[in-house]
Amino acid sequence: MRRKIVAGNWKMNGSQGLVEDLVGYVRSQVSSLDNGVEAVIIPPALYVRDVQSLAGEQVAVGVQNVARWEAGAYTGEVSAAMARDCGCRYSLVGHSERRQLFGETDAVVAEKVVQLLSQDLIAIVCVGETLAEREAGQAQEVVAAQVKKGLAGVSGSAWRNIVVAYEPVWAIGTGKTATADDAQTMHRSIRDVLEALGAPADEISLLYGGSVKADNAAALFAGPDVDGGLIGGASLVAKDFMSICQAMPADAES
Ligand code: PEP
């Protein structure tokens, strides 16, 4: 059975004040989440310990990135083992901002996935096409290549720790979203790619990300291959984040 997940990526935003507000609000609302969704809070690494008190059956904590190395002289980096040691269950990998601003290639993504799997952490592997690639009719091909290369080191039971987030680059932080049909079509195509890789494709959660808000989440989450969302800006507003979590249908195909 696929997990339903709504993950909030704070990016490089937040403060102690925001953490306190958000933790208080999520704690007060989490028991009303009755659709089986797991809310994953992904703050900047410095705040991971501050949101950890929320972790439980319905809430998990993650990091936005880990190093591709295990440990050692890599100033400024955080390892998968440290994320696990601090109570994280998830990590993003290959977010488009990491790819565009930090030169993260598919090969680097694959190395990070291997590090995460070695710590029994769940990798949320982000993929997505640029506007130019979509306009050139290459969206599915680009995304398929990212999935294949980024997951090159995964096999056997490790697939249970893989989640794929489809995030069209042109939709991230822009207020534009894929249509619900386009999101569903791409998710179906990703599931086909996973199947061809020998993965238990029907058990892998696929998330949509890109300007998901409280008022469009239900429509975007309606597709049978959409198992939740990866939320940026709206995850910084506790009420909006919880509304998006509630928008996941309880009876989704899973
Ligand atoms: C993201 O950062 O992954 C994201 C989807 O951002 P936003 O929701 O702000 O578009």
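Everything discussed here concerns the structure shown above.
Described in the following lines is the structure provided in the data block.

Conventions adopted
Residues numbered from 1 in each chain as written. Predicted model: local features only at pLDDT ≥ 70, side-chain atom pairs only at ≥ 80, totals over all residues. Heavy atoms only, no water. Helix = DSSP H or I, 4+ residues; strand = E, 2+ residues; numbered from the N terminus. Polar contact = N/O pair within 3.5 Å; in protein donor to acceptor, adjacent residues only side chain to side chain. Contact = heavy atoms within 4.5 Å. Buried < 20%, exposed > 50% of the residue type's maximum accessible area, 1.4 Å probe, protein only. Pairing = 2+ DSSP bridges. Right-handed = clockwise from strand over helix to strand, strands pointing away. Salt bridge = Lys/Arg side-chain N within 4 Å of Asp/Glu carboxyl O. Near = heavy atom within 4 Å. Areas by Shrake-Rupley, 256 points an atom, 1.4 Å probe, with all protein chains shown as cover.

### Details of the side chain of Glu-104
Looking at where Glu-104 falls in the secondary structure, it is placed in the loop between helix H4 (96-102) and helix H5 (106-118). Separated by 2.7 Å, the side chains of Glu-104 and Lys-112 make a polar contact. The contacts of Glu-104, once residues within four sequence positions are left out, are Asn-65, Val-93, Gly-94, Arg-98, Arg-99, Val-109 and Lys-112.

### Considering the pairing of strand E3 (residues 59-63)
Strand residues, when the strand is regular, have side chains that alternate between the two faces of the sheet. By the criterion of burial, E3 is predominantly enclosed, with five of the five residues buried. The pairing of strand E2 (residues 37-42) with E3 spans three bridges and is parallel. The residue of E3 that forms the bridge with Ile-41 is Val-61. Direction of pairing for E3 relative to strand E4 (residues 90-93): parallel, over a ladder of two bridges. The residue bridging Val-63 from the neighbouring strand is Ser-91, located in E4. Crossover handedness for the path E3 to helix H3 (residues 80-85) to E4: right-handed.

### Description of the pattern of salt bridges
With the rule as written, the count across this model stands at 14 salt bridges. With its nearest N and O atoms 2.7 Å apart, the salt bridge here joins Lys-11 to Glu-97. In this pair, Lys-11 is assigned in the loop between strand E1 (4-9) and helix H1 (16-29) and Glu-97 in helix H4, connecting sequence segments 86 residues apart. By relative accessible area, which is 25% here, Glu-97 ends up partly exposed. Between Arg-89 and Glu-38 there is a salt bridge, with the nearest N and O atoms lying 2.8 Å from each other. Of this pair, Arg-89 sits in the loop between H3 and E4 while Glu-38 is found in strand E2, placing the two residues 51 residues apart along the sequence. Relative accessible area serves as the criterion here: at 8%, Glu-38 is assigned to the buried category. Through salt bridges with shared partners, a single ionic network connects Arg-2, Arg-188, Arg-191, Asp-192, Asp-225 and Asp-227.

### Some details on the site of the ligand
What surrounds the ligand is a group of 14 residues, the closest being Lys-11, Glu-167, Gly-173, Ser-211 and Gly-232. Between the ligand and Asn-9, the relevant distance is 3.2 Å, taken from an oxygen atom to a side-chain nitrogen or oxygen of the residue. The fraction of the free accessible surface of the ligand (290 Å²) that becomes covered by protein chains is 97%.

Remember, this is a structural readout, not a statement about activity or role.
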